[in-house]
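As a plain string of letters, each chain reads:
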Amino acid sequence: MPAPLRPAAPGPAPHLSLPPTDRILSPLTGWTRSHWEALADRQLEALVPYATPHFAQYRLPGRGSWSGVVSDGLEGYARSFLLASFRIAGAGGEVDPHLLERYAQGLTTGTDRDSASGEAWPELSDCSQQMVEAASIAVALHETRPWIWDKLDPRVQERVVDWFSGFVGGRTWDNNWRLFQVVSEQFLASVGAPYRQEDVDGGLDRIEDWYRGGGWYSDGDGRNFDYYIGWAMHLYPLLWARMAGPDDGGRAKVYRERLAQFLTTYPHFFGADGAPVHQGRSLTYRFAATAPVWMGALAGCTPLAPGLTRRLASGTARHFVERGVPDERGLLPLGWYGTFLPATQAYSGPASPYWASKAFLGLLLPADHPVWTERELPLPVEESDQYTALPEPGWLLHGTRHDGIVRLVNHGSDHNPLEGPAADDPHYAKFGYSSATAPETAPSAWERTVDNHLALLAPDGTPSRRRRIHPVRCEGRVATSRHDAQLAGIKGDFPVETTSALHGPWEIRVHRLQAPEGVTIREGGYAVADEAQPYAEKGPGWALTRTGSGLTSAVVALHGWDEEAGIAREVAANAYGPHSATPYLTLAGHPGGSGIHVTLVALSQDSVRPTALREAIICSVDGDTVRLRFPDDTVLEL
């Protein structure tokens, strides 16, 4: 290998340069395998100036995590090594030799406890962040074995094994972290090093407790549903199977069957512009949401046509590239498009976004594989309106062909433990998420919690929260859940049962609730965000907000609301833009006892005319039964 490159001083980098688009092979995105290779190369090149002198850490600019600068530096090495490994293995080792050298040298230095460089990696200890990063290194070493591991000095190999041995008999958090131990100890087994089969089997057995059917896992106990199901719960078992080979005890067959089930509906999460629905934590991993789609092809279990696989993955990557990701330095900042810290978590450090490396799994497929050679096919939302019920997580997916937007109606995921205190989080507690909007996540906005929320307002204005969600029904175009609202200064729980029904481009929400006398009830629609303040308008029983591009959010009162409506504006609260606005309805002075409130919620790139909707949709309430007649004469009883 040649002498290693030395890190240069950080500075501005040229913008990403991509190959010419190919509208014959890829009529929808224009992207080919060469685009993915160029995107990988640009990111790997841009990291070099931020490497420590011996390449054991990459210390990137940005807010540090709660784990500290050394752990963050290890994260930069491990997650970018994952990207490098897919690029190296996918090219059969025919890459810039300096790429191989950098990561080999990083292994040499990072595992040298006696080095005076100060770059040594923290030891693996129970529930430590370095367990996460070790799993990425294990996968990367396995995939690049002929080019890196097999060429390491035996003394370095021994040090690497010694570092990984911290996993043996160790304790992880009881969620997707169990799989980090599984793949890391399987790597030890693959190189003939000591490991505990009980750790491997125990982790794989534990995820069986979280399997909910239909291809869906919960990430640990409780109702924890988000993109971790795809980029962790399905991904690592099949990465483990690649290491274990034929000695998988029949597990790989089960994992492939489950991933195949999961993928049958997974394309419904992606809008026509390539954007994934904005829901759940760790969204700063961005195009990692495509990892399970690539894994389906890699494991030979996908139900998706090759052209659909590439269209979905390339469309998502292109979506972010066209919006400045990576940035002008070639880096992936903490955020969604640009830097936006409210969309991150306390465990997120400046290198955390490089779990986006999982999106490059497709490079492990040879260049003549059908996913690279067959013509692109459209996403479901590009072909027709879509209504998809997912009873395991308690979600309805709703895609409209005319504007390409996908909406997720949430009646099942709250990211809380089964027992004990429950918290709420804007990435889980809302009734609605979409591929075109984000929830309001800045602390001040989350305190108000207007968007996609039904709140009982205490006398001091404090809103009730939607913490623990209890799913009741999810089938066809209807889903129901309940939660208990608490009010500041008022004892007791106030049950709220909500039913969502989809009709055409609209969602109808029916809330049946108990409330004390005198409180105000408030219902918010989707928050829309833009570079400039969104346009806003309101009238009797309706409110509407609209961005400069025409994305419109509206709420229309059908029963149980006052005529007065409102608009909630925020600044620097939304991942989609610095200015955001949410339309909302209210009922002031609730009489006490039970009540029913019916709202039409709209999110569309088409024009929305609330007055006409209110006049055309007939809503009648008889006792506990809500009956709706739509302009096309469809009748719903909810």
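To be clear, the structure that these remarks concern was listed above.
In this report, the structure presented in the accompanying data block is examined. Just so you know, the residues in each chain are numbered from 1, in the order the chain's sequence is written. This being a predicted model, a pLDDT of at least 70 is required before a residue's local features are given, and a value of 80 or more before pairs of side-chain atoms are given or counted; all residues contribute to the totals for chains, interfaces and linings. Side-chain figures throughout are based on the complete set of non-hydrogen atoms in the structure, without hydrogens or water.

## Describing the overall build of the protein
Moving on, step 1. Helices and strands together make up the secondary structure of the protein, namely 16 helices and 22 strands.
Moving on, step 2. Radius of gyration: C-alpha atoms only; globule rule: 2.2 Å multiplied by the number of residues to the exponent 0.38. Taking 26 Å as the expected radius of gyration for a compact globule of 638 residues, we find that the protein reaches 25 Å, a close match to that expectation.
Moving on, step 3. With respect to the principal axes defined by its C-alpha atoms, the protein has extents near 80 × 55 × 50 Å.
Moving on, step 4. Looking at the protein residue by residue over its 638 residues, the buried ones come to 61%.
Moving on, step 5. Contacts: residue pairs with any heavy atoms within 4.5 Å of one another. When contacts within the protein are restricted to residue pairs at least 6 apart in sequence, long-range pairs at least 24 apart make up 68% of them.
Moving on, step 6. Under the counting rule used here, the positive set is Lys and Arg, the negative set is Asp and Glu, and His together with the chain ends is not counted. Charge coordinates come from a single atom per side chain, which is NZ of Lys, CZ of Arg, CG of Asp or CD of Glu. Of the side-chain charges in the protein, 56 are positive and 75 negative, and the distance between the mean point of each set is 1 Å. Helical segments are the DSSP runs of H or I of at least four residues, strand segments are the runs of E of at least two, and each set is numbered from the N terminus. Accessible area is worked out with a 1.4 Å probe on protein chains only. A residue is then buried under 20% of its type maximum, exposed over 50%, and partly exposed in between.

## As for the packing of aromatic side chains
Moving on, step 1. Each Phe, Tyr or Trp ring, with Trp reduced to its six-membered ring, pairs with another whose centre is within 6.5 Å; inter-plane angles below 30 degrees give stacked pairs, above 60 give edge-to-face pairs, and intermediate values give tilted ones. Applying the stated criterion to the full structure yields 43 aromatic pairs.
Moving on, step 2. Considering the side-chain rings of Phe180 and Tyr236, the 5.3 Å spacing of their centres and the 80° angle between planes classify their relative orientation as edge-to-face. Remark: Tyr236 occurs in helix 9 (residues 235-244) and Phe180 occurs in helix 6 (residues 177-190); sequence separation between them is 56 residues.
Moving on, step 3. The class of Tyr236 is buried, set by a relative accessible area of 2%.
Moving on, step 4. The interplanar angle of 70° and the centroid separation of 5.1 Å between the aromatic rings of Trp216 and Phe262 together place this pair among those described as edge-to-face. Taken together, the residues span a long stretch of sequence, with Trp216 in strand 2 (residues 216-217) and Phe262 in helix 10 (residues 251-265) at a distance of 46 residues.
Moving on, step 5. Since its relative accessible area comes to 3%, Trp216 is described here as buried.
Moving on, step 6. Think of it as a cone above the ring: NZ of Lys or CZ of Arg counts as a charge over the ring if it is within 6 Å of the ring centre and within 35 degrees of the ring normal. Its end group placed over the ring of Trp355, Lys358 keeps NZ or CZ at 3.1 Å from the ring centre.
Moving on, step 7. In this structure, Arg465 is placed above the aromatic ring of Trp446, and the distance from its NZ or CZ to the ring centre is 4.5 Å.

## Brief notes about the pairing of strand 3 (residues 386-390)
Moving on, step 1. Every second residue of strand 3 is oriented toward a common face, the buried set being Gln386, Thr388 and Leu390 and the non-buried set Tyr387 and Ala389.
Moving on, step 2. The criterion for strand pairing is that DSSP finds at least two bridges linking the strands in question. The loop that links strand 3 with its antiparallel partner strand 4 (residues 395-400) comprises four residues; one of these, Gly394, has a positive phi angle of about 80°.

## Quick word on the sheet that holds strand 21 (residues 625-629)
Moving on, step 1. An order of 20-21-22 is seen for the three strands of this open sheet, with the pairing classed as antiparallel. Looking at the sheet topology across the chains shown, the edges are occupied by strand 20 (618-622) and strand 22 (635-637). Pairwise comparison of adjacent strand axes, ignoring direction, gives a mean angle of 15° for this sheet.
Moving on, step 2. Sheet analysis places strand 21 next to strand 22, joined by three bridges and oriented antiparallel. Bridging across to strand 22, Arg627 finds its partner in Glu637. Helix axes are fitted only over the stretch in contact, all axes being lines through C-alpha atoms; the angle between N-to-C directions runs from 0 to 180 degrees.

## Concerning helix 5 (residues 154-164)
Moving on, step 1. Listed in full, the buried residues belonging to helix 5 are Val156, Gln157, Val160, Val161, Trp163 and Phe164. Down the axis of helix 5, the smallest arc covering the buried residues is 160°, so these residues share one side. Facing away from the buried side of helix 5 by over 90 degrees, the exposed positions are Pro154, Arg155 and Glu158.
Moving on, step 2. Among the structural elements, helix 2 (69-90), helix 3 (97-110), helix 4 (129-143) and helix 6 are those in contact with the buried residues of helix 5.
Moving on, step 3. Under this definition, polar contacts are N or O atom pairs within 3.5 Å; protein pairs additionally need one hydrogen-donor-capable and one acceptor-capable atom, and for neighbouring residues in sequence, both atoms have to be side-chain atoms. Between a side-chain oxygen at the N-terminus of helix 5 and the backbone nitrogen of Arg155 the separation is 2.7 Å; the capping residue is Asp153. The directions from the helix axis to the C-beta atoms are what the arc is built from.

## Focus on the nonpolar core
Moving on, step 1. To define a nonpolar core, start from buried Ala, Val, Leu, Ile, Met, Phe, Trp, Tyr and Cys residues and group those joined through side-chain atoms within 4.5 Å. With 139 residues, the main nonpolar core has Trp36, Ile137, Leu141, Phe164, Phe269, Phe360 and Leu361 as its most contacted residues.
Moving on, step 2. It is helix 2 that provides the largest number of residues to this core, a total of 10 residues.
Moving on, step 3. In contact with Leu141, not counting residues within four places along its chain, are Phe81, Leu107, Ile148, Trp149, Val160, Phe164 and Phe187.

## Some words on the layout of surface pockets
Moving on, step 1. Any residue with an atom within 4 Å of a point lines the site, the site being either a cavity, points on a 1 Å grid over the protein atoms alone where a 1.4 Å probe fits but cannot get out, or a pocket, an open set with protein on both sides within 12 Å along at least 5 of 7 lines. Grid points are joined across faces, edges and corners, and a volume is the space filled by probe spheres set on the points. Of the voids in this model, the largest pocket is the one considered here, and its volume is about 680 Å³.
Moving on, step 2. Around the largest pocket, the lining is made up of 31 residues, and of these Asn175, Trp177, Arg281, Tyr347 and His415 lie nearest the centre.
Moving on, step 3. Counted as a void, the second largest pocket has a volume near 430 Å³.
Moving on, step 4. Taken together, 19 residues form the lining of the second largest pocket, with Ala436, Ser549, Leu551, Tyr576 and Gln605 sitting closest to its centre.

## Remarks on empty space enclosed by the protein
Moving on, step 1. Per the stated rule, a full pass over the model turns up six cavities of 30 Å³ or more.
Moving on, step 2. Considering only enclosed or pocket space, the largest cavity measures out at about 60 Å³ in volume.
Moving on, step 3. Taken together, Trp216, Asp226, Tyr227, Ile229, Gly230, Phe262, Tyr266, Phe269, Val277, Gln279, Trp395 and Leu408 make up the lining of the largest cavity.
Moving on, step 4. Across the lining of the largest cavity, the residue classes break down as nine nonpolar, two polar and one charged. Throughout, the ten residues Ala, Val, Leu, Ile, Met, Phe, Trp, Tyr, Cys and Pro are labelled nonpolar, Asp, Glu, Lys and Arg are labelled charged, and all others, Gly among them, are labelled polar.

## Here's the deal with the pattern of salt bridges
Moving on, step 1. Criterion for a salt bridge: a side-chain nitrogen of Lys or Arg within 4 Å of a carboxyl oxygen of Asp or Glu. Overall, the coordinates contain 40 salt bridges when judged by the stated rule.
Moving on, step 2. Note that Glu133 and Arg79 form a salt bridge whose closest N and O atoms lie 2.9 Å from each other. With Glu133 in helix 4 and Arg79 in helix 2, the pair connects residues that are 54 residues apart, well separated along the chain.
Moving on, step 3. Given the relative accessible area of 2%, Arg79 is considered buried.
Moving on, step 4. Each member of the salt-bridge network shares a partner with another, and the members are Asp174, Arg178, Arg206, Asp209 and Asp221.

## Notes on the side chain of Thr52
Moving on, step 1. Within the secondary structure, Thr52 is located in the loop between helix 1 (33-47) and helix 2.
Moving on, step 2. Within the structure, Thr52 has its side chain in polar contact with the side chain of Glu119 (distance 2.6 Å).

## Some words on unusual backbone geometry
Moving on, step 1. With omega at 0°, the peptide bond leading from Val325 into Pro326 counts as cis.
Moving on, step 2. On the secondary structure map, Pro326 appears in the loop between helix 12 (306-321) and helix 13 (370-373).
Moving on, step 3. Positive phi outside glycine occurs at His415, with the angle close to 55°.
Moving on, step 4. If you trace the backbone, His415 turns up in the loop between strand 5 (405-410) and strand 6 (432-434).
Moving on, step 5. Under the relative-accessibility criterion, His415 is labelled partly exposed at 30%.
Moving on, step 6. The phi angle at Ala572 is positive, at roughly 55°, despite the residue not being glycine.
Moving on, step 7. For Ala572, the position within the fold is in strand 17 (residues 565-574).

## Section: the pairing of strand 8 (residues 470-475)
For a regular strand, the rule is simple: side chains alternate between the two faces of the sheet.
Moving on, step 1. As judged from the five bridges shared by strand 8 and strand 9 (residues 478-487), these two strands associate in the antiparallel manner. The residue bridging Cys474 from the neighbouring strand is Ala479, located in strand 9.
Moving on, step 2. Hairpin connection from strand 8 to strand 9: two residues lie between these consecutive antiparallel strands, with Gly476 at a positive phi of about 60°.

## Brief notes about the packing of helix 1 against helix 2
Moving on, step 1. The contact between helix 1 and helix 2 brings their axes to 10 Å, and the two run at 135°. Put simply, helix 1 runs oblique to helix 2. The way helix 1 lies across helix 2 gives a crossing that is left-handed. Across the interface between the two elements, Arg33, Glu37, Ala40, Asp41, Gln43, Leu44 and Leu47 from helix 1 touch Ser80, Leu83, Ala84, Arg87 and Gly90 from helix 2.
Moving on, step 2. Its residues assigned to classes, the contact of helix 1 with helix 2 comprises five nonpolar, three polar and four charged. Relative orientations are named as follows: roughly parallel for angles under 35 degrees, roughly antiparallel for angles over 145 degrees, roughly perpendicular for angles from 65 to 115 degrees, and oblique for any other angle. Here is the rule for handedness: rotate from the far helix to the near one, and if that takes an anticlockwise turn smaller than a right angle the crossing is left-handed, while a clockwise turn gives right-handed.

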